[in-house]
Each structure stands twice: as structure tokens, then as C-alpha cells.
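What follows is the residue order along each chain.
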Amino acid sequence: VEEGDVASPFGARIESRNGVARIALTGELDMSTVPELEHHLGMCQADGATAIVVDLRDLGFVDSSGLHAFVRARTDAEANGHRLHLVGASRAAQRVFELTETEFLIEEPAPIEG
Amino acid sequence: VSSPQIKLPATGQSFRHDVLAYRGDEDFVDRTGSFIQDALSNDEPIMVVVSRNKIDLLRDAVGDDARNVRFADMSSVGRNPARIIPAWAAFVQEQAPSGRMFRGVGEPIWAGRTPEELVECERHEALLNVAFGDGPAWWLACPYDLDSLDPVITEKAERNHPSILDRDCRRQNPSYLGTRSFVEPFDAPLSPPPATVDEVTFGSGTTDGPSPSDVRRFVRDAASARGLRSERLDDLVLAASEATANSVQHGGGKGSVRVWSTASTIVCEVVDAGRFDDPLVGRLRPSGAATSGHGVWIIHHLCDLVQIRTFVDSSVVRMHVYAS
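How each quantity is defined
- Position numbers for residues count from 1 along each chain, tracking the sequence in the order it is written.
- Throughout, the order in which chains and ligands are written sets their labels, letters from A for the former and numbers from 1 for the latter.
- The model is predicted, so local features are restricted to residues of pLDDT at least 70 and side-chain atom pairs to those at 80 or more, both for listing and for counting; the totals for chains, interfaces and linings are taken over all residues.
- Each side-chain value is derived from all of the structure's non-hydrogen atoms; neither hydrogens nor water enter the calculation.
- Helix numbers and strand numbers start at the N terminus; a helix is a DSSP run of H or I with at least 4 residues, a strand a run of E with at least 2.
- We compute the radius of gyration over the C-alpha atoms and compare it with the globule rule, which gives 2.2 Å times the number of residues raised to the power 0.38.
- Exposure categories follow from relative accessible area, calculated using a 1.4 Å probe and restricted to protein chains: below 20% of the type maximum is buried, above 50% is exposed, and the middle band is partly exposed.
- We call a crossover right-handed when, viewed with the strands running away from us, the connection from the first strand over the helix to the second turns clockwise.
- Any two strands with at least two DSSP bridges between them are considered paired.
- Contacts are assigned to residue pairs that have any heavy atoms within 4.5 Å of one another.
- Accessible area that two parts lose when put together, with a 1.4 Å probe and added across both, is what the buried area reports.
- By salt bridge we mean one thing: a side-chain nitrogen of Lys or Arg within 4 Å of a carboxyl oxygen of Asp or Glu.
- Each residue gets one label: Ala, Val, Leu, Ile, Met, Phe, Trp, Tyr, Cys and Pro are nonpolar, Asp, Glu, Lys and Arg are charged, and the others, such as Gly, are polar.

(A) Geometry of the overall build of chain B. Broken down by element type, chain B carries nine helices and twelve strands. Taken against the 2.2 N^0.38 rule, which gives 20 Å for 324 residues, the C-alpha radius of gyration of chain B at 21 Å falls within 12% of a compact globule. With the C-alpha coordinates aligned to their principal axes, the bounding extent of chain B is approximately 70 × 35 × 35 Å. A total of 324 residues make up chain B; the buried ones form 55% of that total.

(B) Structural view of the pairing of strand β4 (residues 83-87) of chain A. When you tally the buried positions in β4(A), you get four out of five residues, the bulk of the element. Between the parallel pair strand β3 (residues 51-62) of chain A and β4(A), the chain is carried across by helix α2 (residues 64-80) of chain A, and the sense of this crossover is right-handed.

(C) Representation of the pairing of β3(A). Residues and elements named next belong to chain A. The buried fraction of β3 amounts to nine of the twelve residues, a majority that puts the element mostly inside the structure. The pairing of strand β2 (residues 20-29) with β3 spans nine bridges and is parallel. The residue bridging Leu29 from the neighbouring strand is Val62, located in β3. Note on the crossover from β2 through helix α1 (residues 34-46) to β3: the handedness is right-handed. Bridge count for β3 against β4 is five bridges, and the pairing is parallel. Bridge pairing in β4 places Ile52 opposite Leu84.

(D) The environment of B:Ser181, seen in detail. All names here are of chain B. Take Ser181: it is sitting in the loop between β7 (170-172) and β8 (198-202). When its relative accessible area of 52% is taken as the criterion, Ser181 is described as exposed. For the pair Ser181 and Ala126, spaced 55 residues apart in sequence, the C-alpha separation works out to 9.7 Å.

(E) Main features of the interface of chain B and chain A. In this complex, chain B contributes 31 residues to the contact, which on the side of chain A involves 27 residues. Across the chain B/chain A interface, buried area totals approximately 2300 Å², and carbon plus sulfur atoms make up 54% of it. Between A:Arg91 and B:Glu231 there is a salt bridge, and its shortest N-O distance comes to 3.9 Å. Secondary structure elements with two or more residues in the side of chain B that touches chain A: α7 (212-225), α8 (230-250) and α9 (295-302) of chain B. Split into classes, the residues belonging to the side of chain B that touches chain A amount to ten nonpolar, twelve polar and nine charged.

This is the structure we're talking about:
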């Protein structure tokens, strides 16, 4: 019987509309895949996004390298003047935010509809 | 500072780390209860981290005033002894701005501690002096039960405390070791791994050897095969991932991971050629804006016991998740 999440490669799906870029992450975010995330963040910034939304709901794994990338992205956003929202933390993401007491990085979950 | 029950020598306002040796539960309640009531009558906030059973005894003894005492269960806070300093640091950070004295009671060692845990507990007691010695003034008393503990344990424990809190006086401890030994990394011996372990070596992951993802898969499979399940399995996989990332970034770029188990614990060990020079590594929470330094902190908070060593030509992070 297979236990836990099946390892999957890191992926980022990007949609851009009205200056808002949405990056949905999948798979495993660690020191080997952080550069890929930072590449996408840099592209969105270069395209003049006024807001970048990083969706973490399908992120199967994230460690402190990923956390540090989020912290740097926040600093970049403040310096550059665009908004950065981390939304929809998966269980794996939530665990890392809790362990490091950095829950402030993630937005409150949207109220459940219906 | 004067107090009704305990006469204090005229010391400067600094961190006090006292050993409080007692004999049995009744003596514990008497001595520790006095220390607590003394704090309360001086309006000094106090946090007491002892076993659940002793919290109950102290609540009964202190009575209504117990509502002004913050209690925490040492078997949870200090299951991994490396998590005790973070708990005290949070309390200090909260209390120090008021400028008033505050106190703690912490009993990290009890009769059921394993030999491996005892080594880490002693290390913890010694590191308290490093972590808080130069900080704000507060007063921590560490009870040790002479009736239930091996005299070798209490003797070693005493040497990590700058002063001794007796029934009616507080005095300097002539056998206190000081903090000089902390210029060298911790190299207390580790028991050798068993003959049969699962092992994999890793490199930077770009050109040679398994990627970080492959290493996690290896740990997941090896620990799963040894009975680890669900969240505990995820915890060990994340801890192992942090340790291997540490090796790649700070430990010479490569290392090896071993997994084994005993009747009571599942162990994952990461060995590399690095050094742990900071004695408090992973025990002081990095700020929320930090972009490094969370790795060992996370490991300590995920595992039931962590043994970190730096030997002549290698460093070891041995992580335990208990079977129950």
C-alpha cells in the first residue's frame, strides 16, 4: 500500500489577467526547484504585474528553502511596489508555516461558499 | 530582591540558573511550591514546565494562586530536549520588556529518560547558560529528584548550574563547569548504527546522484517499511530533507542518509563533511523575515530526539521518531 503523497516534479501554471498574475504551484518545492519558482516570479514582475497570487493548494512538499523563497518574494514585492499574495496552503505548506511561526505570510483562507 | 522564604545573596541582576535537588514528590511540592509562592508574592510572573502529574500536585499545593502560574507539560515541551530553550526564549521575550524579575521552573530529566535523551538533556542544561547568560535577568530553578535518579545523572546535572538553591539559601556552585567548553563543537560519542541499515549517498543533485526528491522518496520508503505512517512519516521525510539540504549547502555539498529502526524508535541519520560551530543551532527561532537558518529549527520541532555532532572529519544529524 502506497503511503503519503506520490513524489511529483515541480510545476507552475501561470495565468495573467488585467495585471494580476496567478501562479499555481504543484509538486515539490525545495532547493532544486526554488530557482524555477523565482524565474516565474521574475517574469511576472518584468511583465509589470501589479499583483502576484501564488496558489499553494496543490503543493505536495515544501521545505525551508521554499519558505525562504516566499520571504524573498515578499521583500521583492515591497521593494518593487506590487502586491504578493500566498493563498490556499496545502497541508505540507501549512506545516512549514506553523513550524516556523510564519503563518503571517499566508492569507486567511477565503470563507467557504454555500 | 528580598523574599519571605528564601534568603538571597546580593548578586547583580542577571540570569540565575539554579539546581534544586529534592527527595520525592512531597519534598518537590514543598520546595518548588515555595519557589512559586515566593514569585507570586513578589508579583513576579512564573512559568512552570514539569510533568503532568507534578503540575497537578503543584496546583493543589498552590491553591487559588495557581491561576497566576503558567504551567506547561515537560513531556510534551521537552520530549525533544532541544525544544525547551525555544519555550524559555519565548517566555523571556514576552516578559523581559516589563523590566521586572520573572521566574521559571523546569524539570527536563525524569526517571524514564533514555540514555540518549539524558545526554541531550545535559547538553540542554549546559546550553541554557549560553542562551540566557548574557540576556535579561530572570530566575530559573531546575528540580532534580535525588530519590529516583541515578547519582551519576544528578552529579552531572549539578555541574551545569552556576548556583544551588537549597531549602533556605541560595549559593554559588563550586563544581559549575562554566561555558568555556562551547568553543568546541559537540562531539559526545554516538552508538554505532546497527549492521543492517538502508543507506543512500547524495550529491548536489544536478549532475550526479539522487536529487533531493529522490532522497525524500528513499527515506519515505525506508521509514514506511519500518512501520512509520501518516503525519509522523511526513515529519521524518521533511526533517531528512532539511538535513540533506543543509549538507548540500553547508556540509561540503554531499553526504549520506541512513535509515534504521529499533523496538522503540525509527532513526534517520544524515552524515556529511561539515561542522556545526554554533552550539545553539536550531534552538533560537529565526525571525519571520529570515531567509536562512530554519533547517535545524524545523528538524528539532519535527523529531522526538535529535543528536547533532561534529567529529574530526564529519558531522552527524541523527533524527529519531518514536514508534509510539
